[in-house]
Amino acid sequence: MFKTFVFLFVLGVNSPTTLEDKLGPYDTLEKCFFRGANIVRSLYSTEFPIVKVEVICLELKIKEKEENPSKKKDLMV
């Protein structure tokens, strides 16, 4: 699973603005970057003097739950 982030660099602002996509996560890296491209396209329709835009897709590692967490394994033999 991948999560989309967009870093927006605007003229006159010292640090980048980070946009986190709330629709994800996405199954594939391609879908993640496609979503980032859609966000960038919508940003260029605004009046902001955009200097640079970066799209980053981070892979999420999801831990699987234990089958029965109430049963603890006895470590003493």
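Below is a summary of the structure that appears in this document. (Residues numbered from 1 in each chain as written. Predicted model: local features only at pLDDT ≥ 70, side-chain atom pairs only at ≥ 80, totals over all residues. Heavy atoms only, no water.)

1. Some words on the overall build of the protein
Argument step 1. A count of helices and strands for the protein gives 1 helix and 3 strands.
Argument step 2. Burial statistics for the protein: of 77 residues in total, 21% are counted as buried.
Argument step 3. A sequence separation of at least 24 residues applies to 66% of the contacts in the protein between residues at least 6 apart.
Argument step 4. Accessible area for the protein stands at about 6,700 Å²; split by element, carbon and sulfur atoms hold 59% of it. (Helix = DSSP H or I, 4+ residues; strand = E, 2+ residues; numbered from the N terminus. Buried < 20%, exposed > 50% of the residue type's maximum accessible area, 1.4 Å probe, protein only. Contact = heavy atoms within 4.5 Å. Areas by Shrake-Rupley, 256 points an atom, 1.4 Å probe, with all protein chains shown as cover.)

2. Quick notes on the packing of aromatic side chains
What characterises a pair of aromatic rings is the spacing of the ring centres plus the angle enclosed by the ring planes.
Argument step 1. Going through the model one piece at a time under the given rule, you end up with 0 aromatic pairs.
Argument step 2. Here Lys 52 stacks its cationic end above the ring of Phe 9, 5.6 Å away from the centre of that ring. (Phe/Tyr/Trp six-rings, centres within 6.5 Å; stacked < 30°, edge-to-face > 60°. Lys NZ or Arg CZ within 6 Å of the ring centre and 35° of its normal.)

3. A look at the side chain of Asp 21
Argument step 1. Examined against the element boundaries, Asp 21 turns out to sit in the loop between β2 (17-20) and α1 (29-43).
Argument step 2. A distance of 2.5 Å separates the side chain of Asp 21 from the side chain of Tyr 26, its partner in a polar contact.
Argument step 3. Setting aside its immediate chain neighbours within four residues, Asp 21 contacts Lys 3, Thr 4, Tyr 26, Arg 35 and Ile 39. (Polar contact = N/O pair within 3.5 Å; in protein donor to acceptor, adjacent residues only side chain to side chain.)

4. Some points on α1
Argument step 1. An ideal rise of 1.5 Å per residue puts 21 Å on 15 residues; α1 measures up with 21 Å between its terminal C-alpha atoms.
Argument step 2. Of the positions making up α1, those classed as buried are Cys 32, Gly 36, Ile 39, Val 40 and Leu 43. Burial along α1 is one-sided: seen end-on, the buried residues are contained in an arc of 100°. Facing away from the buried side of α1, by more than 90 degrees, are the exposed residues Glu 30, Phe 34 and Arg 41.
Argument step 3. Structurally, α1 contributes buried residues whose contacts are with β1 (2-10), β2 and β3 (50-59). (Expected span 1.5 Å × (residues − 1). Arc of directions from axis to C-beta.)

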